[in-house]
Amino acid sequence: MNPSLVTTQEAIDPVFIFILGISLVMLVGITIAMIYFIIRYHRSRQPEPTSDVDHNLGLEVVWTVIPTLIVLAMFYFGWASFLTLRNVPEGALEISATARMWSWTFEYAGGQTSNRLRVPVGQPVKVNLHSVDVLHAFYAPAFRVKRDMVPGMENYVWFTAPEAGSYDIFCAEYCGVGHADMTTSIEALPPEEFEHWLRQEAAPETADLGRELLGKHGCLGCHSLDGSQMVGPTFKGLSGREATVLQDGVEKTLVTDRDYLERSILQPGHDIVKGYPPVMPGYEGRIPEGELVQILDYLTGAAAPAKPKPDGAALVQQNGCLGCHSDDGSSKVGPTFKELFGAQRTVSVDGETRSLTADRVYLERAILEPSAELVEGYPGMMPPYGHLSADQVEAIIDYLEGLGK
Ligand code: HEC
Ligand code: HEC
Ligand SMILES: [Cu+2]
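In what follows, the accompanying structure is described. (Residues numbered from 1 in each chain as written. Chains lettered and ligands numbered in written order. Predicted model: local features only at pLDDT ≥ 70, side-chain atom pairs only at ≥ 80, totals over all residues. Heavy atoms only, no water.)

### Observations concerning the coordination of the iron atom of ligand 2
Note on the iron atom of ligand 2: its protein donors are His325 (NE2) and Met382 (SD). The metal-donor distances range over 1.9 to 2.1 Å. Every donor counted, the six donor atoms about the iron atom of ligand 2 form angles of 87 to 179 degrees at the centre, which fits octahedral coordination. Of this pair, histidine 325 sits in the loop between helix 7 (312-318) and strand 14 (344-349) while methionine 382 sits in the loop between strand 16 (374-375) and helix 9 (390-402), and the two are 57 residues apart along the sequence. Owing to a relative accessible area of 13%, histidine 325 belongs among the buried residues under this scheme. Assessed through its relative accessible area of 32%, methionine 382 is described here as partly exposed. (Donors = N, O, S within 2.8 Å, 3.2 Å for Na, K, Ca; no water. Tetrahedral: all angles 85-135°; square planar, octahedral: opposite > 155°, others 65-115°. Helix = DSSP H or I, 4+ residues; strand = E, 2+ residues; numbered from the N terminus. Buried < 20%, exposed > 50% of the residue type's maximum accessible area, 1.4 Å probe, protein only.)

And the structure:
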């Protein structure tokens, strides 16, 4: 409603205080009047009927009109702030949130996914809500937003994080065993840090782009990526080593840092790598600046920082697996993970019963497509985890292997 409002808290809090304030005044006023009347008109003080007045028009008008105005004011301010919650400011960053039993996944426009909702400080964020199985509810109390997530129905919330920090997210749907375990957080980061994180998460794609550009500019006709000899030195292990070069015929040893690489591409004649013919064409003015950055990122390995191996135990926690599976042998909604690895399983496939060994292939299928084979005696209620990466599934299976058998 009010375009100068920048956060949902600013829209909700005054209305909340307003309604709470009026309610308090009413509560106190009515209670005092009641106590006063009880004492003042007690039978011991007033044994006789006091008067035979049957109504008072003035009073009746006052106690009808004033409460009506108060209730209308509550409605007006409530409606105005509701509109603020529903009208997403322009330029909002869109992120989609998927809820499943019993975990959250947040997905960004570039395809990056995360179990925590990372957002830039100061920018409105629109979260598109989506449930894959049952009712859930996205609830971020710090930003006063709460919205049901109904399977098959798209909905959204928006908010702006005013300062960096970590804010709770809950699932506010409590009819089911594991919603209360669906806790995660909004991590509000300074914009540069957020951009950095986004880029880093997108790294595999950037790396592919750098590689593609090497092909596009014909570099791979003279340079190999795998260490084999071609007309020019291989790109494998290129960055950060020492190179013996000839500068105007004088031999020098240089470190192949980013500046060196940039010069080697733009003005290859400046430093000729010893033992190679000076045949590389100069690319000055032939590669757009942005593409050169991508190529240098790729060659220096900045495009694909070695990501730490995912941690299976943490993944099982974050993805809500432990809401339905135990790791100690006790029974929950699903079979326990303890001593599952390598065990003999009885499953039903399209109504037929089969016996299988829980090897890596079986476990991978059980996680990605749980409905394909149902473990005998259990309901088919496990959500599919197709959004996990191959690395993540492998880490979970390693974790299961660690639980014995
Ligand atoms: C016609 C073949 C040819 C093409 C095409 C070519 N190069 Fe080269 N490149 C060479 C040769 C030969 C050398 C070694 C002699 C020198 O330093 O000029 C070299 C050297 C380099 C070096 C220094 C390597 C070292 O070990 O220190 C880099 C970096 C490099 N090239 C990048 C590229 C990039 C990026 C492209 C594409 C944009 C490219 N080159 C295209 C032939 C080529
Ligand atoms: C909503 C409850 C629920 C959640 C959450 C859940 N599961 Fe399951 N899971 C089940 C049920 C029920 C079964 C047995 C029926 C079936 O095979 O689908 C099962 C079966 C399995 C099996 C086969 C077990 C066996 O005994 O052969 C594996 C492995 C498994 N789940 C792994 C996971 C992992 C890993 C996660 C988290 C990424 C997870 N589950 C999350 C309910 C759940
Ligand atoms: Cu839920």
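### Digging into helix 9
With 13 residues, helix 9 extends 18 Å from end C-alpha to end C-alpha; this agrees with the ideal 18 Å at 1.5 Å per step. Within helix 9, the full set of buried residues consists of Val393, Ala395, Ile396, Ile397, Tyr399 and Leu400. Contacts made by the buried residues of helix 9 are with helix 7 and helix 8 (360-368). A positive phi of about 100 degrees marks glycine 404, the residue just after helix 9. (Expected span 1.5 Å × (residues − 1). Contact = heavy atoms within 4.5 Å.)

### Let's talk about the site of ligand 2
In the vicinity of ligand 2, 28 residues are found, and the nearest of them are Cys321, Cys324, His325, Tyr362 and Met382. Between ligand 2 and the protein, one listed contact pairs an oxygen atom with a backbone N or O atom of valine 375 at 3.0 Å. At four residues, helix 8 tops the list of elements feeding residues into the shell around ligand 2. Across the shell around ligand 2, the residue classes break down as 22 nonpolar, four polar and two charged. (Near = heavy atom within 4 Å. Polar contact = N/O pair within 3.5 Å; in protein donor to acceptor, adjacent residues only side chain to side chain. Nonpolar A, V, L, I, M, F, W, Y, C, P; charged D, E, K, R; others polar.)

### Considerations on the coordination of the iron atom of ligand 1
For the iron atom of ligand 1, the protein coordination sphere consists of His223 (NE2) and Met280 (SD), at 2.0 Å. One way to put it: the six donor atoms around the iron atom of ligand 1 meet at angles of 87 to 178 degrees, and that makes the site octahedral. Note that histidine 223 is positioned in the loop between helix 4 (203-216) and strand 11 (242-247) and methionine 280 in the loop between strand 13 (272-273) and helix 6 (289-300), a separation of 57 residues in sequence. Given the relative accessible area of 31%, methionine 280 is considered partly exposed.

### A short note on the site of ligand 1
Every one of the 26 residues lining ligand 1 counts as a neighbour, but Cys219, Cys222, His223, Tyr260 and Met280 are closest to it. One of the side-chain nitrogen or oxygen atoms of histidine 223 is found 2.8 Å away from a nitrogen atom of ligand 1. Note that an oxygen atom of ligand 1 is positioned 2.5 Å from one of the side-chain N or O atoms of tyrosine 260. Mapped onto the shell around ligand 1, the elements with two or more residues apiece are helix 5 (258-266) and strand 13. Element by element, the count of residues in the shell around ligand 1 is highest for helix 5, at four residues. Of the residues belonging to the shell around ligand 1, the class tally is 19 nonpolar, five polar and two charged.

### A look at the sheet that holds strand 14
Read from one edge of the open sheet, three strands run 15-14-16, paired in antiparallel fashion. Among the strands making up the open sheet, the edge pair consists of strand 15 (352-357) and strand 16. Pairing analysis gives six bridges linking strand 14 to strand 15, with the strands arranged antiparallel. If you follow arginine 345 over to strand 15, its bridge partner there is leucine 356. Along the sheet, helix 8 contacts strand 14, strand 15 and strand 16; its crossing angle with strand 15, the most-contacted strand, is approximately 125 degrees. (Pairing = 2+ DSSP bridges. Axes fitted to C-alpha atoms, helices over the stretch in contact; angles between N-to-C directions.)

### Considering the packing of aromatic side chains
When we look at a pair of aromatic rings, we describe it by the centre distance and by the angle of the planes. This structure, assessed with the given rule, holds 15 aromatic pairs. With a centroid separation of 6.3 Å and an interplanar angle of 45 degrees, the aromatic rings of tyrosine 139 and phenylalanine 170 are classed as tilted. Placement of the pair is tyrosine 139 in strand 6 (residues 136-140) and phenylalanine 170 in strand 9 (residues 165-171), with a sequence separation of 31 residues. Tyrosine 139 gets classed as partly exposed once you look at its relative accessible area, which sits at 26%. Grouped by ring-pair contacts, the aromatic residues Phe18, Tyr76 and Phe77 constitute a single cluster. If you follow lysine 126 out to its NZ or CZ, it ends over the ring of tyrosine 156, 4.9 Å from the centre. If you follow lysine 146 out to its NZ or CZ, it ends over the ring of tyrosine 139, 4.9 Å from the centre. (Phe/Tyr/Trp six-rings, centres within 6.5 Å; stacked < 30°, edge-to-face > 60°. Lys NZ or Arg CZ within 6 Å of the ring centre and 35° of its normal.)

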